[in-house]
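# Geometric and topological summary
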Amino acid sequence: MGWHPPVPAAVLDADNTAWQVIRAWPDDSAENYVLELGTPHRPGVRAAHLRAGQLELLRDGRDRRLPALKHASPLGEVVVHRAHKRAVVRAGEHYLKIFRARQADEAVGRHARMNELLAAGDFLTPEIVSSTPGCLTIMALPGRSLFELGIDPAVSDAMFEKAWQKWSRTWVRQHSLARTPAHRPSLEALPPRTAAVELESLQRTVSLWLVHAQDIPAAQPERTAVRAAAGQTAQKLLRTAPDPLVWSHGDLHDKQIFTAGPGAPLGLLDFDEAGRAEAAADLANLAVHLQLRLRQHRLSAERYQTARRHVIATAEELLVTPARFDAYASATRLRLGCLYSFRPQWAALAEEFLLPDGEQALAATIPEAKVEPTC
């Protein structure tokens, strides 16, 4: 393995201003990319396209597919902008989430259902301040994310472990509460995301990756590996019996979980993809993101093992079938491998996530750690 999409780490605009590529996504044609850019000369981010080496910056605060951004951007700082897809503006204690019109309605519905579902439990959720066509405004959550705790050397290992232990207990309890008759209407109002839906989403990501690797002789080993990983993942997802559908965050990772201190409830952020799925979907997504943090040197080996141990314990408490955990972990590894291979800073480590045996390869990199089973 060695080839990855040739996304530049920095680009120059027409005024010769240097922009750092923060994130990149594949467009639907080879060598065309959607970029999120930043520069020390100004706060926030800008969206752009890179087509055949030519940079096309979107107008500041404008996006024809996200018309609400024009009115939201003057209120604060644009901290996320994926051209024509979504944007986020930070305005004091508020976050304004910008979507395409139809997706905004769906996002508002998912956030409202999750707020109802979690209201009687132990998780704080972002309060919905307002919703207008294409824009959802929510309150910021107090505290710091588990991601921030993990990279902070001032946080003790004991404090880090207590935060993850608290998350595990809260996650299990919340799933138990969600099954009660009082919460059943909110649960059933969430859209289902079955293994077939998960696979369809993954296949779109893989197909885009393959478009950018096609007809490139140097990419032949990578194409072979990605196709093999996709085939293995499809078999895992569809050829073992699924677990029951439960409430699902839809994109659970350590940046979505907040702690404000020992006596305060945990916070849970971002319900754009919330629905009903197998419990393995969230937990495997979280576990593989922890692997990613380890490889990014954003978690020590010890803290990785601590957090992972609590994820696995949670899966056991919720009676997740090991084969289903492994299936969703394979899907997440491949998806992240495809996405991160387009991000210059992380393209090299993304190769490990594209391998069919990525779990074993990643586990083998942990100093003095045994290769543990997936669940």
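Above: the structure in question.
This write-up is about the structure you can find in this document. Here the structure is a predicted model, which means the values were calculated and not measured.

## Thoughts on the environment of Ser330
For Ser330, the location among the structural elements is in helix α10 (residues 322-340). With 100 residues separating them along the chain, Ser330 and Ala230 place their C-alpha atoms 8.8 Å apart. Beyond its immediate stretch of four places on either side in the chain, Ser330 contacts Thr233 and Lys236.

## Things to note about helix α8 (residues 279-295)
Compared with the 24 Å implied by 1.5 Å per residue over 17 residues, the 25 Å span of α8 between its first and last C-alpha is a close match. The buried fraction of α8 amounts to 16 of the 17 residues, a majority that puts the element mostly inside the structure. Within two residues after α8, His297 carries a phi angle of roughly 60°, on the positive side.

## Describing the environment of Gln174
Relative to the helices and strands, Gln174 resides in helix α4 (residues 157-178). As for Gln174 and Leu118, which are separated by 56 residues in sequence, their C-alpha atoms are 7.2 Å apart. In contact with Gln174, not counting residues within four places along its chain, are Leu117, Leu118, Gly121, Asp122, Phe123 and Trp247.

## Topic: the nonpolar core
Counting 84 residues, the largest nonpolar core has Trp167 and Trp247 as its most contacted members. Top element by residues in this core is α8. It accounts for 11 residues. With sequence-adjacent residues up to four places away left out, Trp167 is seen in contact with Phe123, Leu146, Leu252, Ile257, Leu266, Leu283, Leu286, His310, Val311 and Thr314. Core analysis: the second largest hydrophobic core is formed by 12 residues, Ala68, Ala72, Val78 and Ile98 among them.

## Thoughts on the pairing of strand β4 (residues 42-51)
Judged by how many residues are buried, β4 sits mostly within the fold: seven of 10 residues are covered. Remark: two residues form the turn of the hairpin made by strand β3 (residues 32-39) and β4, two consecutive strands paired antiparallel. Hairpin connection of β4 to strand β5 (residues 54-57): two residues between the antiparallel strands, including Ala52 at a positive phi of 50°.

Reading guide: rules and limits
Residues numbered from 1 in each chain as written. Predicted model: local features only at pLDDT ≥ 70, side-chain atom pairs only at ≥ 80, totals over all residues. Heavy atoms only, no water. Helix = DSSP H or I, 4+ residues; strand = E, 2+ residues; numbered from the N terminus. Contact = heavy atoms within 4.5 Å. Expected span 1.5 Å × (residues − 1). Buried < 20%, exposed > 50% of the residue type's maximum accessible area, 1.4 Å probe, protein only. Core = buried A, V, L, I, M, F, W, Y, C linked by side-chain atoms within 4.5 Å. Pairing = 2+ DSSP bridges.

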